[in-house]
Amino acid sequence: MLFALCVNLLLHRVSPEFTPLTAAAGGVLLGVYLLRGLLDALLPLAQAAQGLGLSAHMELLLKALAIALVCNSTSALCRDCGESALADKAELAGKVAILSLCIPLLVQLLDLF
C-alpha cells in the first residue's frame, strides 16, 4: 500500500486525473491480499459450522461481510474523488443488498413462531 501511495503522490504532480485510478488499483490489490488471508483464517470456522449443520448461515454471513467490505471500499473511493453523494448511494446499495440477502433467513425465523 505504501508503494501505491508513492506512485499516487508522484502521479498527482504529473497528471492529477489519474490519481483516483492508482488509488483504486492499490485498494484492489490490498483487498485481494487481505481476502486471501481472511479466507485462510475463516476456513476452520467454516468447517466447524459445516460439522454443526450451520453451513448455510455461515455462507450468508460471509456474503454479507463481502458486500459490506466492497461497499465500504467503494464509498471511501468515491469520497476520495470528491463524490460524496455517490458514496452515500454506494452505502445505501450495500445496506439494501445485505437486507435482501437476509430476507430468506427472516422468513425462516418467522416460520418458527
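Residues numbered from 1 in each chain as written. Predicted model: local features only at pLDDT ≥ 70, side-chain atom pairs only at ≥ 80, totals over all residues. Heavy atoms only, no water.

Caption draft 1: Structural view of the environment of Cys-81. Looking at the element boundaries, Cys-81 is found in the loop between helix H3 (55-80) and helix H4 (84-111). Separated by 69 residues in the primary sequence, Cys-81 and His-12 have C-alpha atoms spaced 13 Å apart. (Helix = DSSP H or I, 4+ residues; strand = E, 2+ residues; numbered from the N terminus.)

Caption draft 2: Focus on the confidence of the model for the protein. Residues with a pLDDT of 70 or more make up 96% of the protein, whose mean pLDDT is 82. Here helix H1 (residues 2-14) stands out as the element of the protein with the lowest mean pLDDT, 74, in contrast to H4, whose mean of 91 is the highest. (pLDDT = per-residue confidence, 0-100.)

Caption draft 3: How the structure looks around H4. For H4, which comprises 28 residues, the first-to-last C-alpha distance of 41 Å matches the rise-based estimate of 40 Å (1.5 Å per residue) to within 8%. At Ile-103, H4 shows its maximal bend, which comes to roughly 40 degrees, and the proline Pro-104 appears one to four places after that position. Within the sequence span of H4, burial applies to Ala-87, Ala-90 and Gly-94. (Expected span 1.5 Å × (residues − 1). Bend = angle between axes of the 7 residues up to and from the residue. Buried < 20%, exposed > 50% of the residue type's maximum accessible area, 1.4 Å probe, protein only.)

Caption draft 4: Main features of the packing of helix H2 (residues 19-51) against H3. Contact pair H2 / H3: the axes reach a minimum separation of 11 Å and the direction vectors enclose 165 degrees. Here H3 runs roughly antiparallel to H2, going by the angle between their axes. In this structure, H2 crosses over H3, and the sense of that crossing is right-handed. Between H2 and H3, the residues in contact are Pro-20, Ala-23, Ala-24, Leu-38, Leu-42, Leu-45, Ala-46, Ala-49 and Gln-50 and Ser-55, Met-58, Leu-62, Leu-65 and Leu-77, respectively. Its residues assigned to classes, the contact of H2 with H3 shows twelve nonpolar, two polar and no charged. (Axes fitted to C-alpha atoms, helices over the stretch in contact; angles between N-to-C directions. Parallel < 35°, antiparallel > 145°, perpendicular 65-115°, else oblique. Left-handed = near helix turned anticlockwise from the far one by under 90°. Contact = heavy atoms within 4.5 Å. Nonpolar A, V, L, I, M, F, W, Y, C, P; charged D, E, K, R; others polar.)

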